[in-house]
Each structure stands twice: as C-alpha cells, then as structure tokens.
Amino acid sequence: MSRQKFSGLSLIRRGLSGHLDWQKQWRKPTPKPSYDAIIIGGGGHGLGAAYYLAKEHGLTNIAVLEKGWIGGGNTGRNTTIIRSNYLFNESAALYDHSVKIWENLSQELNYNVMFSPRGVMMLAHTVHDIQVFKRHVHANRCNGVDNEWLEPEQAKEFCPLLNIGSDIRYPVLGAALQRRGGTARHDAVAWGFARAADSLGVDIIENCEVTAIKRDASGAVEGVETSRGTIGAKKIGVSAAGNTSVVLSMAGVRLPLESYPLQALVSEPVKGVFPCVVMSNTIHAYISQSDKGELVIGAGTDAYTSYTQRGALHINTHTLDAICELFPQFRRMRMMRNWGGIVDVTPDRSPIIAKTPVKGLYVNCGWGTGGFKATPGSAHVFAWTIARDEPHPINAPFTIERFRDGYLIDEAAAAAVAH
Amino acid sequence: MLLIVCPYCGKRPELEFTYGGEAHLTRPERPAELDDQTWTDFLYMRTNLKGLYAERWRHARGCGRFFNALRDTTTDHFLATYKTGTPRPDLPVTASTAGSRK
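Because the structure is predicted, anything quoted here is derived from the model rather than measured.

(A) Highlighting the sheet that holds strand β4 (residues 52-58) of chain B. Residue and element names in this part refer to chain B. The sheet built from four strands is open, its strands ordered β3-β4-β5-β6 with antiparallel pairing. Looking at strand neighbours, the two that pair on one side only are β3 (18-22) and β6 (77-83), the edges of this open sheet. Within this sheet the neighbouring strands show an average axis-to-axis angle of 30°, counted without direction. As paired elements, β4 and strand β5 (residues 66-72) share seven bridges and run antiparallel to each other. Residue pairing for β5: Tyr53 is matched across the bridge by Arg71.

(B) Here's a closer look at the packing of aromatic side chains. The final tally for this structure, using the stated rule, is 19 aromatic pairs over all chains. Among the aromatic residues, those joined into a cluster by ring pairs are A:Tyr304, B:Phe17, B:Tyr19, B:Trp57, B:Phe67 and B:Phe78. Above the plane of the ring of A:Trp384 lies A:Arg388, whose end atom (NZ or CZ) is 3.7 Å from the centre. Over the ring of B:Tyr8 we find B:Arg65, and its NZ or CZ is 3.8 Å from the ring centre.

(C) Representation of the interface of chain B and chain A within the structure. Tallying the contact residues gives 26 residues for chain B and 26 residues for chain A. Approximately 2200 Å² of surface area, both sides summed, lies buried where chain B meets chain A, with 54% of it carried by carbon and sulfur atoms. Our count for the contact surface shared by chain B and chain A stands at zero salt bridges. Those elements that place two or more of their residues in the side of chain B that touches chain A are β3, α1 (36-43) and β4 of chain B. Counted by class, the side of chain B that touches chain A contains nine nonpolar, eight polar and nine charged residues.

(D) The layout of surface pockets, seen in detail. All names here are of chain A. If you add up the space inside the second largest pocket, you get close to 410 Å³. Arg185, His186, Ser290, Lys292 and Glu294 are, among the 21 residues lining the second largest pocket, the residues nearest its centre. Only α6 (186-199), β15 (285-289) and β17 (335-345) provide two or more residues apiece to the lining of the second largest pocket.

(E) Structural context of the nonpolar core. Residue and element names in this part refer to chain A. In this structure, Leu47, Tyr52, Trp102, Leu105, Phe193 and Val202 are the most contacted members of the largest nonpolar core, which totals 49 residues. Each residue touching Val202, except ones within four places of it in the same chain, is listed here: Arg27, Ala50, Ala54, Thr60, Ile62, Ala63, Val64 and Ala197. Of all hydrophobic cores here, the second largest spans 32 residues; its members include Cys208, Val210, Val224 and Ala240.

(F) Representation of the packing of helix α3 (residues 89-109) of chain A against helix α9 (residues 375-388) of chain A. Residues and elements named next belong to chain A. One way to put it is that α3 packs onto α9 with a least axis distance of 6 Å and a crossing angle of 110°. Looking at the two axes, α3 sits roughly perpendicular to α9. Each of Leu94, His97, Ser98, Ile101, Trp102 and Leu105 in α3 lies in contact with α9, whose residues at this interface are Thr375, Pro376, Gly377, His380 and Val381. Across the contact of α3 with α9, the residue classes tally to six nonpolar, five polar and no charged.

(G) Quick peek at unusual backbone geometry. All names here are of chain A. Positive phi, close to 55°, is recorded for Asn207, a residue that is not glycine. Tracing the sequence through the fold places Asn207 in the loop between β8 (203-205) and β9 (210-215). A residue is classified by how much of its surface remains accessible, and Asn207, at 55% relative accessible area, is exposed. One non-glycine residue, Ala241, lies in positive phi territory at about 45°.

(H) Structural context of the environment of B:Leu2. Mapped onto the fold, B:Leu2 is located in the segment before β1 (3-6). Between the alpha carbons of B:Leu2 and B:Glu14 there is a distance of 5.1 Å; along the sequence they are twelve residues apart. Once you skip the residues sitting within four places of it in the chain, B:Leu2 turns out to touch A:Tyr304, B:Arg12, B:Pro13, B:Glu14, B:Asp76 and B:Phe78.

(I) Here's a closer look at the pairing of β4(B). Residues and elements named next belong to chain B. For β4, the tally of buried residues reaches five of seven residues, placing the bulk of the element in the interior. Bridging between β3 and β4 involves four bridges; their strand directions are antiparallel. Note that in β4 the partner of Thr18 across the bridge is Arg58.

(J) Up close: the pattern of salt bridges. All names here are of chain A. Evaluation of the coordinates by the stated rule reveals 22 salt bridges over all chains. A salt bridge links Asp187 to Arg185, with the shortest nitrogen-to-oxygen separation between them at 2.9 Å. Between Glu268 and Arg334 there is a salt bridge, with the nearest N and O atoms lying 3.2 Å from each other. Highlighted residues: Glu268 in the loop between β13 (258-267) and β14 (277-280) and Arg334 in the loop between α8 (313-326) and β17, separated in sequence by 66 residues. Bridged by salt links that share partners, the residues Asp96, Lys100, Glu103, Asp146 and Arg180 form one connected network.

(K) Looking closely at the side chain of A:Asn243. As for its position among the elements, A:Asn243 is in the loop between β12 (235-238) and α7 (244-249). Exposure remark for A:Asn243: the relative accessible area of 18% places this residue in the buried category. Of the polar contacts made by the side chain of A:Asn243, one reaches the side chain of B:Lys50; its length is 2.9 Å. Beyond its immediate sequence surroundings of up to four residues, A:Asn243 is in contact with A:Lys67, A:Tyr307 and B:Lys50.

Conventions and cut-offs
Residues numbered from 1 in each chain as written. Chains lettered and ligands numbered in written order. Predicted model: local features only at pLDDT ≥ 70, side-chain atom pairs only at ≥ 80, totals over all residues. Heavy atoms only, no water. Pairing = 2+ DSSP bridges. Helix = DSSP H or I, 4+ residues; strand = E, 2+ residues; numbered from the N terminus. Axes fitted to C-alpha atoms, helices over the stretch in contact; angles between N-to-C directions. Phe/Tyr/Trp six-rings, centres within 6.5 Å; stacked < 30°, edge-to-face > 60°. Lys NZ or Arg CZ within 6 Å of the ring centre and 35° of its normal. Contact = heavy atoms within 4.5 Å. Buried area = accessible area lost by both parts, 1.4 Å probe. Salt bridge = Lys/Arg side-chain N within 4 Å of Asp/Glu carboxyl O. Nonpolar A, V, L, I, M, F, W, Y, C, P; charged D, E, K, R; others polar. 1 Å grid on protein atoms, 1.4 Å probe; cavity = no way out; pocket = protein on both sides within 12 Å on 5 of 7 lines; lining within 4 Å. Points joined across faces, edges and corners; volume = space filled by probe spheres on them. Core = buried A, V, L, I, M, F, W, Y, C linked by side-chain atoms within 4.5 Å. Buried < 20%, exposed > 50% of the residue type's maximum accessible area, 1.4 Å probe, protein only. Parallel < 35°, antiparallel > 145°, perpendicular 65-115°, else oblique. Polar contact = N/O pair within 3.5 Å; in protein donor to acceptor, adjacent residues only side chain to side chain.

Pasting the structure below:
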C-alpha cells in the first residue's frame, strides 16, 4: 500500500486540516494460510528482521506474529540506552554495526526514532573498575569504537550534576565515555519498523500467540499453530525475548537461557536537567532523562527466574540508594511508575543469533539486560541469516554451539558484574 | 518481596535467601568420559520452564543450607519447599493455585 510520507510540510498541512486524514500506521490483516517466512515476536528485533527481509532480501510474503500488541514487550519496557563499547572483537563488531544503523535510522524509516547521541558515561568506583574500563577504552580504540577515559573532574564537567565528592560510600574515581552512545525513543523504534515493514507488504498480526511448531517427516519446520489458526511457513525466525525457551521447546530445542525479571522506573517529569546517560555497573545505577522530562532509571534483575513481568521493590530501592548518592539533588524527587520485563540471559551474557538444529528454524535471543541498543543491527543480521540460511559474518560467532565448543564471548566476565 | 519457607527455619523474607537455579540436575560421575554435547547439556542447558518449576534456594543469611522449592514461574507463588535429597512433591498445578499470589 502507498504510504504517506512524514515531513515538516505534511505535518503543517494536516495540522491545518484538523489532523483528520492521517493513515493508520500499519494494517490489521487476517493471517493467510501460509507465508514464505514467519517471525515469532513483534518487538523491535522481530519487526526489524521482517523489515530487512522485505527490504534487502526481497522476501515480502512474510508475517510477524505477536501474542500481545506491538511495542508492549521489552521494546516498550527498557531504558533506551544505546552504546557499543563492549570488550571483545565479536561484540564490538555487532553492537557498533547497530550504532551505525541507529545514526541514519530515522531517515531510512521516514519515522523519527529520536536517536539522541548525547553520550554514555560509565562510572568507575574501584581500582578494579579503573583497570577494566581503561582496558575497554584501549580495546575499543583498536576496533574503531570511540571510548575515552575521563578523570572525575572531567566527568563532572560532562555531567554537572554528578557528585564526585570523596565522602560517599563508593566515590567516583573516573569514567569511560562513549560520545556516540545515547538514547532513542523505544516505542518509535517498534512503530517505525512496523510501519516500514507493513508498507513493503509484511503482515503484522497482533494478538496471535504461537502454541505449537509443526514439522514435516524430515523434521523441517512447516508452520505453526496459533491462537488465530494454523499458518504454514518453511522458515521461522524466533525473536521472542524472555519467552524464547518456551517457543523453542515446541520444536524440542533446548537453549542455554534463563528468564529473569528486569525492572525499571521513571520519576515525575521535570525540566531538562540531565544532559547525558550515566551508568554504574558497580553500584547498579542507570539514569537518563527522557524528552518528556522523566528521569528514566534502570534497576537490576531479580534473583530468580520468572515470567511474571514484575519484580520485588527492594531491587528498585537498591538502585535508588545509588542514584541518591551520585545525584543528591534527586533525593526529593518522586518516582511515578515502575514495571518489569522478562529478559533471557545466556551464561556468557552475549546473544545467540543463529540457525538451530531444526531445519528452517532460526533464533535471535539471549540479549539479556541489554538488547535495545542492538535492535537494528541484530534485526539486520538475523534477516540475513534467515534469508540465506547462513549467518552474516558479524553474527557468525554468536551460535548455540559456542557453548559446546568453548568459544564463549564472555562479556559477563569482561564487565565483572551482573549486567 | 517474596516470603519463602525455609524447611529448617520457617517463613523468612526473600532478602535472606540466594537463588540456586534449576533443581534435580545431577552432576555426571565421570565427566571426562562424556561426549561434549552431554557435558554442555549439564553445564549450560536449562529447562527455563514457564509453569511449575523445581529450583534450589539457599538460606544464605540464615541457616546457610540449600533446599529445593516448587514455584509457579507465571505467578511467583511457592507451592512447596523441601529438603535437598528428598524427592520432588507430586503437586499438579490446579486452576486455584495457578492464579493465586499468596
């Protein structure tokens, strides 16, 4: 279908005509009996994969099946931090691939995803932190990823609200700053990909929960059973975040995943006071300010596996303790909302974007607590993997077999904290 | 915060406990004799079940002992806790327990 193009002019024209003739952003099609390929999971990663399958690989007879609504899962529940300063070569290549796509994504989709490279500053509080971060800075530089070391005074210059006094429990001893990092509007990423994929002919089917994966006599996939009937497909890409283990178990595939609640919260909205993103892995504080004015705060994971999309309050309290030490002026700020999402965590804290042992079944999972930043890059290489039945060079190391063969991409050990 | 019944000490707040992951995984007696895939399955692969899950907890800031629990991961409701080494209680998820959050 032809798509209205967004521009300053179109905004003015429709503003003057009372905003009455805007199109729906995507259709609400009923599922066809079969497609060339199906993506299970209508979050940013899945919608993006559908978009790139249609745009770059010519597969337009495809569908995205979402059990809830578009943008209602982890895409709408994260703290929108974007960065690529990971230690290992494989990770740096994957996440920087994503950052490079972020930089032009609004133009490509004709949809404002509000990418804002305002800088991501990671705080060091111990001698070990200083050593690890400096190692990251050097490793990143070798991989062409920007990252620089800041002394405490320089960190305060970059983020004037930061308390660099020596009288707090974990004083700031320095920071690593990635200036190309920042934030984006999370809902807009899902909506933008959905709109662009839909205009290329992709069927986006909401309220459609997959209940079984059908396989033929040779074991290859031939379709899915869903809450809206049987849908055939020779290729199925699973991009189901916390529910990946559940979906893959329908095809008898076991994965090295555990699903945990990850919580976040926002404050009441205030005027612009916070110019960047500040993270502290050591004392568990992640904070930025949205364009609406809310402080967006990321907390940690709960201790136990769960599918409830909620967690315990003491996890949030722990993070707010750290925020109040680093930014004492926020002590009287009221928190407005908190929520949880379910994240699928691998043993090495790196994702899996790969073929599975089942023919025609592909999986993009294991993003743990940090999948949002990778949305466009992950979708791009996942589409390649599905279309060509072989991995893109960037995601080739991110297999399931790496756990058997000992080629872990151990960002868990590299960060030396739960993350 | 969850309230968890330690089989040795009784009902205590979640803060006193640490989580131990999936229960009833038995370490193979002679890992060196296993093929790589079997050893990988033991080390890394997990059921990650959505539903009634048998898992280990440790009363770390109490008696210090490990024990097992049956918890519904769709509600976080504990149906039973039992001592390590004893078999998993045979508890089906019923409609009344699946939806409750006591």
